[in-house]
Structures are given as structure tokens and as C-alpha cells.
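Notes for the structure review
Here's the letter readout for the chains.
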Amino acid sequence: MKVLVVGANGQIGKHLVTFIQESENVEAKAMIRKEEQASFFKDLGAETVVVDLEDDIDTIAKAAEGVDAIVFTAGSGPHTGPDKTMMIDLDGAIKTIEAAKAAGVKRYVMISSFDTTREAIQSAPDSFAPYVVAKHYADVWLRDTDLDYTIIHPGRLNNEDGTAQVEAASTVERGEIPREDVARVILASLEDQTTIGKEFQVVGGNKPVQDAIHSL
């Protein structure tokens, strides 16, 4: 399986590409925004493609040619304004979904926010609400396709060393999870066909990743 990792230069993306390249029967194609970001991935033996999520759908679709799955783990980041949140976390996600259709890629994994329900939008602080709105509608768009999708809702992200132990279910108590373990969850979801058509919340826990994902 060849996987296009959108947002590969992000913290989750780098972990994911590393784990993919260490796995058997899976290889990564890292979608990056700048050529100077390529060396990290080339050192891992991963293919790279330079595409900006503000490019058009056809450009993103060309990047997806020849892959079997797409993972969307991109984000505008906490230091940009609502305008970039809409352009990357919403429109960038939707363009990538449409690019998957255009390129004939059926498998699609979305990294969302922990809670993207209408209630979460209403209760979010003003500074966070645009992000939740963007994620909400990106999730809605994906659910309305015929892609073989999985939507992952991780808890509060941290940069601690991963434990490869998580709790995953349709709803779990809010908590934290290392970005490294989110990457492990993504790879396990790609490798487990029972996750197709499902979405789930995931936080740190005491169950091995593969077991937690398979028991969803």
C-alpha cells in the first residue's frame, strides 16, 4: 500500500511517515509545501511531492496519482488567523477529498478534532470556534462521499514519548494523547479494513493500539 501523507512535515506527519517506512507492505509519499522540507523524508527513503493546499484540486490530484490511500493530517496551526483556518483546515481538506475522487483513490483517513459536533461549536471559546467549524464541515463533506473513509478524533495532543497504548471508542472521556501515538493509530487504521466507514475518539490508555483499533 502506498500512502499520500498530506501535512507530512507536521509533527504527526513526520511520525507517521517514519512508522510507514519502517513497516512492511506500506510506503509513504510525503506531500510537503516547500522543497527544503524534503531532506527529512528522503533520508527515510520516502518519495516527496511539493504541493500547497492552497493550490487547485487538479494539482493535488496529480500528487495523489499512484497511491492507494490518503491521510489528511495537515493544519494551519495555532498561530494563524481564522482566514488560514478556513483555507487549510476546511478548504484544503475538502480539496484533498475531491482530489482523491479525481485520482481514483478510495481509502481516505481524516485527522479531525476531538469533538466536532454542533454542540462543540457552540461551547468553543471564540478563538477556537473557527477551527471546530472547519473540522465539523470537513468531516460532514467526507461522510457524504463514497470514499472508504475513517475519521480519527484525537484528544489533546502532546509531544511526550508515545506508549503505543490508547483508549479508542465512538466516545471516550476527554484526555491527552502523544502525537507519536496518533501516528500509530493512523497506521493501524490504514492496515485494518474494519475501520472503513467509522469514526472514533482516541486518547492515551492501556490497550495496545492494534487491539484498540480492531475492537472498535
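From a predicted model like this one, the values you see are computed outputs, not experimental measurements.

Some words on the overall build of the protein
On a plain count of helices and strands, the protein comes out with 8 helices and 11 strands. What you see for the protein is a C-alpha radius of gyration of 16 Å, in line with the 17 Å of a compact globule of 216 residues. Principal axes of the C-alpha set define a box for the protein whose edges measure 40 × 40 × 35 Å. Burial analysis of the protein (216 residues in total) assigns 50% to the buried set. In the protein, of all internal contacts separated by at least 6 residues, the share reaching a separation of at least 24 is 67%. Within the structure as shown, the protein displays about 10,000 Å² of accessible surface, and the carbon and sulfur contribution to it stands at 47%. Within the protein, one finds 21 positive and 36 negative side-chain charges whose respective centroids are separated by 2 Å.

What to know about the packing of aromatic side chains
Inspection of every chain in the model, using the stated rule, returns 2 aromatic pairs. Residues Phe40 and Phe41 carry aromatic rings whose centres are separated by 5.0 Å and whose planes lie at 80 degrees to one another, so their mutual orientation is edge-to-face. Measuring from centroid to centroid gives 5.3 Å for Phe128 and Tyr131, while their planes differ by 40 degrees, and the two rings are tilted. In this structure Phe128 comes out as partly exposed when scored by relative accessible area, which is 38%. Over the face of the ring belonging to Phe40 we find Lys14, whose NZ or CZ atom lies 5.0 Å from the ring centre.

Here's the deal with the pairing of strand β3 (residues 47-50)
Pairing of strand β2 (residues 27-32) with β3, which is carried by 4 bridges, proceeds in the parallel orientation. Residue pairing for β3: Ile32 is matched across the bridge by Val50. Crossover β2 to β3 through helix α2 (residues 38-43) is right-handed.

Side note on the packing of helix α1 (residues 11-22) against helix α7 (residues 179-191)
Interhelical geometry of α1 versus α7 gives an angle of 50 degrees and a closest axis separation of 8 Å. What the angle tells us is that α1 and α7 run oblique. In this structure, α1 crosses over α7, and the sense of that crossing is right-handed. Judged by residue contacts, Gln11, Ile12, His15, Leu16, Phe19 and Ile20 of α1 engage Arg179, Glu180, Val182, Ala183, Arg184, Ile186 and Leu187 from α7. Grouping the constituent residues of the contact of α1 with α7 by class yields 8 nonpolar, 2 polar and 3 charged.

Quick look at the environment of Thr85
Looking at the secondary structure, you find Thr85 in helix α4 (residues 82-103). Sequence spacing of Thr85 and Val132 is 47 residues, and the spatial spacing of their C-alpha atoms is 9.6 Å.

What to know about the sheet that holds strand β8 (residues 165-169)
Judged by pairing direction, the sheet is mixed, and its 9 strands sit side by side in the order β3-β2-β1-β4-β5-β6-β10-β8-β11 without closing on themselves. In this open sheet, the two edge strands, each paired with only one partner strand, are β3 and β11 (207-208). Where strand β1 (residues 2-6) meets strand β4 (residues 69-72), 4 bridges bridge the pair, whose relative direction is parallel. Across the sheet, residue Leu4 finds its bridge partner in β4, namely Ile70. Most of the contacts of helix α6 (residues 129-143) go to strand β6 (residues 148-154), to which it runs at about 155 degrees, and overall it touches β4, β5 (107-111), β6 and β10 (198-204).

Considerations on the packing of α4 against α6
Think of two packed helices as two axes; the pair is described by the angle between the axes and how far apart they sit. One way to put it is that α4 packs onto α6 with a least axis distance of 9 Å and a crossing angle of 10 degrees. Regarding the angle of α4 to α6, the classification is roughly parallel. Note on element contacts: α6 touches α4 through Pro130, Tyr131, Ala134, Lys135, Tyr137, Ala138, Trp141 and Leu142, opposite Pro82, Thr85, Met86, Asp89, Leu90, Ala93, Ile94, Ile97 and Glu98. The residue inventory of the contact of α4 with α6, partitioned by class, reads 13 nonpolar, 1 polar and 3 charged.

As for the pairing of β5
Along β5, 5 of the 5 residues are buried, which leaves the element largely enclosed by surrounding structure. Side chains Arg107, Val109 and Ile111 of β5 all project onto a buried face; the interleaved residues Tyr108 and Met110 project onto the opposite face, where all are buried too. With 4 bridges joining them, β4 and β5 adopt parallel strand pairing. Bridge assignment links Val71 to a residue of β5, and that residue is Val109. In this structure, β5 lies alongside β6, joined through 5 bridges in parallel fashion. Considered in β6, the bridge of Ile111 is made with Ile152.

Calculation rules
- Residues numbered from 1 in each chain as written.
- Predicted model: local features only at pLDDT ≥ 70, side-chain atom pairs only at ≥ 80, totals over all residues.
- Heavy atoms only, no water.
- Helix = DSSP H or I, 4+ residues; strand = E, 2+ residues; numbered from the N terminus.
- Rg over C-alpha atoms; globule rule 2.2 N^0.38 Å.
- Buried < 20%, exposed > 50% of the residue type's maximum accessible area, 1.4 Å probe, protein only.
- Contact = heavy atoms within 4.5 Å.
- Areas by Shrake-Rupley, 256 points an atom, 1.4 Å probe, with all protein chains shown as cover.
- Lys, Arg positive; Asp, Glu negative; His and termini not counted.
- Charge placed at Lys NZ, Arg CZ, Asp CG, Glu CD.
- Phe/Tyr/Trp six-rings, centres within 6.5 Å; stacked < 30°, edge-to-face > 60°.
- Lys NZ or Arg CZ within 6 Å of the ring centre and 35° of its normal.
- Pairing = 2+ DSSP bridges.
- Right-handed = clockwise from strand over helix to strand, strands pointing away.
- Axes fitted to C-alpha atoms, helices over the stretch in contact; angles between N-to-C directions.
- Parallel < 35°, antiparallel > 145°, perpendicular 65-115°, else oblique.
- Left-handed = near helix turned anticlockwise from the far one by under 90°.
- Nonpolar A, V, L, I, M, F, W, Y, C, P; charged D, E, K, R; others polar.

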